[in-house]
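Listed here are the chains, written in short residue letters.
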Amino acid sequence: MFDLLRQINRVIALVAGLGLLVCVGYVLLEITLRRFGTSLGGTTEITGYVMAVTTAWGMGFALLELSHIRIEVLRTRMAGWGRVFLDLLAMLAMSATVIIIAFRAWPVLARSINNNSRANTVLETPLWIPQSLWFAGWVWFALMCSAVTLLCIALVLQGRLGAVEHRIGIRNEIADELEQAR
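Cut-offs and rules
Residues numbered from 1 in each chain as written. Predicted model: local features only at pLDDT ≥ 70, side-chain atom pairs only at ≥ 80, totals over all residues. Heavy atoms only, no water. Patch = residues over 30% accessible without salt bridge, like charges linked within 9 Å, V, L, I, M, F, W, Y side chains within 5 Å. Areas by Shrake-Rupley, 256 points an atom, 1.4 Å probe, with all protein chains shown as cover. Salt bridge = Lys/Arg side-chain N within 4 Å of Asp/Glu carboxyl O. Helix = DSSP H or I, 4+ residues; strand = E, 2+ residues; numbered from the N terminus. Core = buried A, V, L, I, M, F, W, Y, C linked by side-chain atoms within 4.5 Å. Buried < 20%, exposed > 50% of the residue type's maximum accessible area, 1.4 Å probe, protein only. Axes fitted to C-alpha atoms, helices over the stretch in contact; angles between N-to-C directions. Parallel < 35°, antiparallel > 145°, perpendicular 65-115°, else oblique. Left-handed = near helix turned anticlockwise from the far one by under 90°. Contact = heavy atoms within 4.5 Å. Nonpolar A, V, L, I, M, F, W, Y, C, P; charged D, E, K, R; others polar. 1 Å grid on protein atoms, 1.4 Å probe; cavity = no way out; pocket = protein on both sides within 12 Å on 5 of 7 lines; lining within 4 Å. Points joined across faces, edges and corners; volume = space filled by probe spheres on them.

Visitor: Got a sec to walk through a nonpolar patch on the surface? Specific residues and values, please.
Guide: A contiguous nonpolar patch, built from Leu92, Leu150, Ile153 and Leu157 and spanning about 420 Å² of accessible area, is present on the exposed surface. When residues in the nonpolar patch are grouped by element, the largest group, 3 residues, is from helix α4 (residues 128-157).

As structure tokens, then:
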């Protein structure tokens, strides 16, 4: 299951990366056009939307690639059960936080839909468009956190502590370098 989630999130990360590349191209075109006294307009607005959406969708990828930052002062001094306990505690805290964020994001989107809100910019973008993509990213991240947490709890119940550490533990860069050298 972890591998399937990782594959799905890699595709999402590629799409998000392509979105960022298109955004970079747009900004470069805007800069070039300004040198000739013209402009496409809306660069700040569009890049802001792209950043918000790609960040929300990229969080699930970062989760499964163990890229989220954690402080490991206590964890490294503990035995297997202690490390797994802290890893699960971290996942439970992240899951709860992200679920709250996803729930709190819905009223923002709902208000924009109900009020037919538009950006107060030249583009007058209907706000439900970028907010829908942003909200969906947070929901996806909440689902990823919840799924990973539940899968790791199942691994603990099976007594597979090493698998839990491999899936949600802190990536040790020194150990990674040693493993690659072998």
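Still more to cover.
Visitor: Any details on the nonpolar core? Residues and values, ideally.
Guide: Among the nonpolar cores identified, the biggest contains 25 residues, and Leu63, Val148, Cys152, Val164 and Ile168 are the most heavily contacted of them. The element best represented in this core is α4, accounting for 10 residues.

Visitor: Give me the packing of helix α1 (residues 2-35) against α4: which residues, what numbers.
Guide: Across the interface, α1 lies against α4 with an axial gap of 11 Å and an inter-helix angle of 160 degrees. In this view, α1 runs roughly antiparallel relative to α4, as classed from their interaxial angle. Of the two elements, α1 crosses α4, and the hand of that crossing is left-handed. On α4, the residues touching Phe2, Leu5, Ile8, Asn9 and Ile12 of α1 are Trp140, Met144, Ala147, Val148, Leu151, Cys152 and Leu155. Residues that form the contact of α1 with α4 fall into these classes: 11 nonpolar, 1 polar and no charged.

Visitor: Tell me about the packing of helix α3 (residues 80-114) against helix α5 (residues 161-168), and name the residues and values.
Guide: Contact geometry of α3 with α5 gives a least axis separation of 10 Å together with a crossing angle of 45 degrees. In terms of orientation, α3 and α5 fall into the oblique class. Handedness of the crossing formed by α3 with α5: left-handed. For the pair α3 and α5, the contacting residues are Gly80, Trp81, Arg83, Val84, Asp87, Leu88 and Met91 in the first and Leu161, Val164, Glu165 and Ile168 in the second. Its residues placed into classes, the contact of α3 with α5 shows 7 nonpolar, 1 polar and 3 charged.

Visitor: Run through the side chain of Thr149, naming residues and quoting values.
Guide: With respect to the helices and strands, Thr149 occurs in helix α4. Given a relative accessible area of 4%, Thr149 falls into the buried group. Not counting chain neighbours up to four residues away, the residues in contact with Thr149 comprise Leu88, Met91, Leu92 and Ser95.

Visitor: Explain unusual backbone geometry residue by residue, including any values.
Guide: In this model, Asn116 sits at a positive phi of 50 degrees, which is unusual for a non-glycine residue. Within the secondary structure layout, Asn116 lies in the loop between α3 and α4. Notably, Glu124 is not glycine yet its phi reads approximately 50 degrees, a positive angle. Note that Glu124 resides in the loop between α3 and α4.

Visitor: So what's going on with empty space enclosed by the protein? Residues and values would help.
Guide: A complete count under the given rule lists 1 cavity of 30 Å³ or more for this structure. If you add up the space inside the largest cavity, you get close to 30 Å³. What lines the largest cavity is simply Phe2, Arg6, Leu64, Val148, Arg167 and Ile168. Contributing elements (two or more residues each) for the lining of the largest cavity: α1 and α5.

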